[in-house]
Amino acid sequence: MLEIEIDGKKLTVPQGSTVIEAAHSVGTYIPHFCYHKKLSIAANCRMCLVEVEKAPKPLPACATPVTDGMKVHTASPLAKKAQQGVMEFLLINHPLDCPICDQGGECQLQDLAVGYGNSTSRYEEEKRVVVGKDMGPLVSAEEMSRCIHCTRCVRFTEEVGGFQEIGMANRSEFSEILPFLGKTVDSEISGNVIDLCPVGALTSKPFRYSTRAWELSRRKSVSPHDGLGSNLVVQVKSNEVMRVLPLENEAINECWIADRDRFSYEGLNSAERLSKPMIKFDGKWHETDWETALNYVAKGLNGVSADHGKDAIGFLLSPHSTTEELYLAQKLARAFGVNAVDYRLRRSDFAADAFKQGAEWLGSTIAELADAKSVLVVGSTLRKEQPLLASRLRQSVKKGSELNIIHVADDNLLTQIKGKLIVSPLALVNALSQVLKAVAEIKSGSTEIDLAAVEVSAQARVIAESLSGAETASIALGNVAQHHPAYSQLLSLAQEISRLSGARFGILAEAANSVGAELVGAWAQNGDNAAAMIAKPKKAYFLLNAEVEFDSYDGQAAVAAMKQAATVIALTAYQGQGLLDYADVLLPIAPFSETAGSFVNMEGKLQTFNGVVKPLGETRPAWKVLRVLGNMLNLAGFEQNSAEDVRAEFGDLAAKLNNALSKTTASPAVGSGIVRIGEVPMYQADAVCRRAPSLQATNEAKGADTAYAHSSLLAKLGVDAGSTALLKQGEGEARVRIEADDSLPADAVRVAAAHASTLALGGMFDAIEIKQG
């Protein structure tokens, strides 16, 4: 610890601190533009110049390390003069367009110009003009004349995003920020450059010119998308969500959010929003009142129950629902006598259910996973499934952690990989078995799983040595692993590797509330699971926030099951085309922005939030609808008056977190044939994202309707790369453009699931046929 003095205040700070960090620790503000606590030091704006005793000239506070006994003056005449001089230079070429600038009212340059700028300019020559740039549908760079070259955006894309999509070209007054080679900015976390930009050069394209910052109300919320549970600030005007920004939470999302979190709010204002209850009769939809619709639902459930028994009813719940909604939905089902309840619509393997000890979760905190010295990620398209976690792991690798991957595609994670096994989905269990066998050999341990026929590859041994030799290690199973037809075997193998190596193991939660659904029992404990409800169709289905054509492992089979049912009851915020085709009654329920509730993130942390706007039209919070249905069905235990009352019934959730299986089984055999790799695209993950126009205009979303296969497989089948291919699964077929991708296994075809172009196809990781189409 070093002792210094800032503006007469004595303090001690850790060795290696900079002057600006020391000043901020005691609440002394030093003006700055280029400095950011999460980025490297650039020291190029010079706004933070301060006077240091015995130094011959003012020094930049962001780049000056503290020395013992240092005396700093941040507001002395010399420091003030230096800061005012820098501000004058920054304003020389800056356009005087504050009245029409989107950054007006929240602009650092505007704020600091009040304190450090002159009332008039001495500069009378023509100001330079910089041509605007096209950075894609999310980030607007139309007014680059405003740029002050702080390079925050450049450093963010390289250091946090992992790939330098933005750079600075030329020198002196000709310097300008631009995307490389005319490309757009396509990072999954690119929107953070909007927050980082201290002026109005980089702004939100969807938000552009829509309203003023001071007209917005700020309300806290939680991301409804992936399992990280990013904290949000939702900004509202006239009862409409206008913008979403990050709320800093160092333990979860630091100070960033993914583009999915930032721009999906457009889906909340979609034209497809359902605002009144609707009932279908005579093949046509009719709007009705809540009493009529709820009576119709109660009559339908009672009728199917009387005619076919309780086993003829199935409840399919979306893990993007709040914990309160999921709890009451499963409570309603079981109180009514229905045990076929499940949130795991995209799962295909439920063999582990019989051996579960508790609720699946990450197995550690997010920070502990990121700080682990060795991490093995199994079956995860990490950057698209968990954008911020992927970024956090990149930072860990820079600090010396080792990242290992077992996956079905060799995706570029924009970081150094220690050990990597890329295999067909048919060989995923075998690949993890290789690691287990290698760990058992290294640790001289034994396992009940039969590994006699498993041959350990060099990369599997590298992964095993990394896990076994690390001081702290973690194993995480991603979405691909969870959707895989041998998920229970992958979970068993992960548990055994964990036991032998000492590593933690857990699940990268797919949805915002997958862990919450586990904790409140919204899964098939004594009845049919989601797959069984589709394989053996029910007479009635009760859907909560679910669009089965997009949200199921086999969308084709799910829709067929819905269409043969006598009644399909859908509690939904949207009247999607699929629901209009197969549902019989639509009850408008509030999305996360219009209801109070909670999500439990992947580390098991319950985070509560309140509605930020009033419900649209006659929309009602789903927990209220479920409570009223409970009363109408004469069920006990449905007297809750608030979301807090529902939450009070949860009990101790943390005590239920446990990934362990009481019995481990695995068959490491490798299958044969051509198999589909059917991941869910990043912007198709849930109903809100699917209806956000700006997200759907990105290159990422546009590429989701293209299939990919290894060039050797295309040559073998006589299919031309760049042509249209006919894909067939069971009775379903789809014609899509196909491209060669040699990062894939030679016996797999990468075809997105949950996408309009492929809804007719079957299971996400099932056999598939390809022909020239």
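Residues numbered from 1 in each chain as written. Predicted model: local features only at pLDDT ≥ 70, side-chain atom pairs only at ≥ 80, totals over all residues. Heavy atoms only, no water.

Side note on the overall build of the protein chain
Broken down by element type, the protein chain carries 26 helices and 33 strands. Taking 773 residues into account, the globule formula puts the C-alpha radius of gyration at 28 Å, and the protein chain, at 28 Å, falls close to it. In terms of its C-alpha atoms, the protein chain occupies a principal-axis envelope of roughly 90 × 65 × 55 Å. Looking at the protein chain as a whole, 60% of its 773 residues are labelled buried. Taking contacts inside the protein chain between residues at least 6 apart in sequence as the whole, the part at least 24 apart equals 72%. Split by element, the accessible area of the protein chain, about 29,800 Å² in all, is 50% carbon and sulfur. Within the protein chain, one finds 77 positive and 91 negative side-chain charges whose respective centroids are separated by 2 Å. (Helix = DSSP H or I, 4+ residues; strand = E, 2+ residues; numbered from the N terminus. Rg over C-alpha atoms; globule rule 2.2 N^0.38 Å. Buried < 20%, exposed > 50% of the residue type's maximum accessible area, 1.4 Å probe, protein only. Contact = heavy atoms within 4.5 Å. Areas by Shrake-Rupley, 256 points an atom, 1.4 Å probe, with all protein chains shown as cover. Lys, Arg positive; Asp, Glu negative; His and termini not counted. Charge placed at Lys NZ, Arg CZ, Asp CG, Glu CD.)

Focus on the sheet that holds strand β12 (residues 231–237)
Pairing in this open sheet of three strands is antiparallel, and the strands run β11-β12-β13 from one edge to the other. Each edge of the sheet is formed by a strand with only one pairing partner; in this case those strands are β11 (217–222) and β13 (240–246). Direction aside, neighbouring strands of the sheet carry axes that sit 35 degrees apart on average. In the sheet, β12 pairs with β13 via six bridges, with the strands oriented antiparallel. Looking at β13, one finds that Lys237 is bridged to Glu240. (Pairing = 2+ DSSP bridges. Axes fitted to C-alpha atoms, helices over the stretch in contact; angles between N-to-C directions.)

As for the packing of aromatic side chains
Counted according to the given criterion, the structure contains four aromatic pairs. Aromatic side chains Phe315 and Phe542 sit 4.4 Å apart centroid to centroid with 15 degrees between the ring planes, which places their arrangement in the stacked category. Within this pair, whereas Phe315 is found in strand β16 (residues 313–317), its partner Phe542 is found in strand β23 (residues 540–544), the two being separated by 227 residues in sequence. With a relative accessible area of 0%, Phe542 lands in the buried category. Relative to Phe650, the ring of Tyr327 has its centre 5.4 Å away and its plane inclined at 65 degrees; by these criteria the two rings are edge-to-face. Of the two residues, Tyr327 sits in helix α8 (residues 323–336) while Phe650 sits in the loop between α22 (643–647) and β28 (675–677), which places them 323 residues apart along the sequence. (Phe/Tyr/Trp six-rings, centres within 6.5 Å; stacked < 30°, edge-to-face > 60°.)

Let's talk about the environment of Leu714
In this structure, Leu714 sits in helix α26 (residues 711–717). Judged by relative accessible area, which is 3%, Leu714 ranks as buried. With residues near it in sequence (within four places) discarded, Leu714 still touches Ala709, Val719, Ala721, Ile738, Glu739 and Ala740.

As for the UniProt feature "domain: 4Fe-4S His(Cys)3-ligated-type" (unreviewed entry) in the protein chain
Residues given the UniProt feature "domain: 4Fe-4S His(Cys)3-ligated-type" (unreviewed entry) here are residues 78–117. With 60% helix and 0% strand, residues 78–117 has end C-alpha atoms that lie 15 Å from one another. (UniProt positions renumbered as here; feature names shortened; annotations may be inferred.)

Overview of empty space enclosed by the protein
With the rule as written, the count across this model stands at ten cavities of 30 Å³ or more. Surrounding the largest cavity, 21 residues form its lining, His320, Asn545, Pro591, Ala687 and Val688 being those nearest its centre. Among the elements that take part in the lining of the largest cavity, helix α23 (residues 687–690) stands out by supplying three residues, more than any other. In terms of residue class, the lining of the largest cavity is made up of ten nonpolar, six polar and five charged. (1 Å grid on protein atoms, 1.4 Å probe; cavity = no way out; pocket = protein on both sides within 12 Å on 5 of 7 lines; lining within 4 Å. Points joined across faces, edges and corners; volume = space filled by probe spheres on them. Nonpolar A, V, L, I, M, F, W, Y, C, P; charged D, E, K, R; others polar.)

Digging into the environment of Asn93
Note that Asn93 resides in the loop between α2 (77–92) and α3 (108–116). For Asn93, a relative accessible area of 22% corresponds to the partly exposed category. Linking Asn93 and Lys127, residues 34 residues apart in sequence, is a C-alpha distance of 4.9 Å. Filtering out sequence-adjacent residues up to four positions away, Asn93 remains in contact with Tyr123, Glu126, Lys127, Arg128 and Ser145. Of note is the side chain of Asn93, whose polar atom sits 3.0 Å from the backbone nitrogen of Arg128. (Polar contact = N/O pair within 3.5 Å; in protein donor to acceptor, adjacent residues only side chain to side chain.)

Regarding the layout of surface pockets
By volume, the largest pocket amounts to about 1,200 Å³. Around the largest pocket, the lining is made up of 48 residues, and of these Arg383, Lys384, Asp411, Met682 and Glu700 lie nearest the centre. Where the lining of the largest pocket is concerned, the elements lending two or more residues are α10 (382–385), α14 (479–483), α25 (699–702) and β29 (706–709). In terms of residue count, α10 provides more of the lining of the largest pocket than any other element does, four residues in total. Looking at the lining of the largest pocket residue by residue, the class counts come to 17 nonpolar, 15 polar and 16 charged. There is about 930 Å³ of room inside the second largest pocket. If you go around the second largest pocket, you meet 32 residues; those closest to its centre are His36, Gln108, Arg152, Asp195 and Leu196. Mapped by element, the contributors of at least two residues to the lining of the second largest pocket are α5 (192–196), β10 (203–204), β12, β13 and α6 (259–263).

As for the sheet that holds strand β7 (residues 139–141)
One open sheet accounts for three strands, arranged β6-β7-β10; its pairing is antiparallel. Of all the strands in the sheet, just β6 (133–134) and β10 have a single pairing partner and so form its edges. The pairing of β7 with β10 spans two bridges and is antiparallel. Its bridge partner being in β10, Ser140 is matched across the sheet by Thr203.

Thoughts on helix α21 (residues 622–632)
What α21 keeps buried is the set Ala622, Trp623, Val625, Leu626, Arg627, Leu629 and Gly630. Those residues of α21 that are buried are in contact with α7 (290–308), α8, β23, β24 (567–572), β25 (585–588) and α22. Two residues or fewer after α21 comes Asn634, characterised by a positive phi angle close to 60 degrees.

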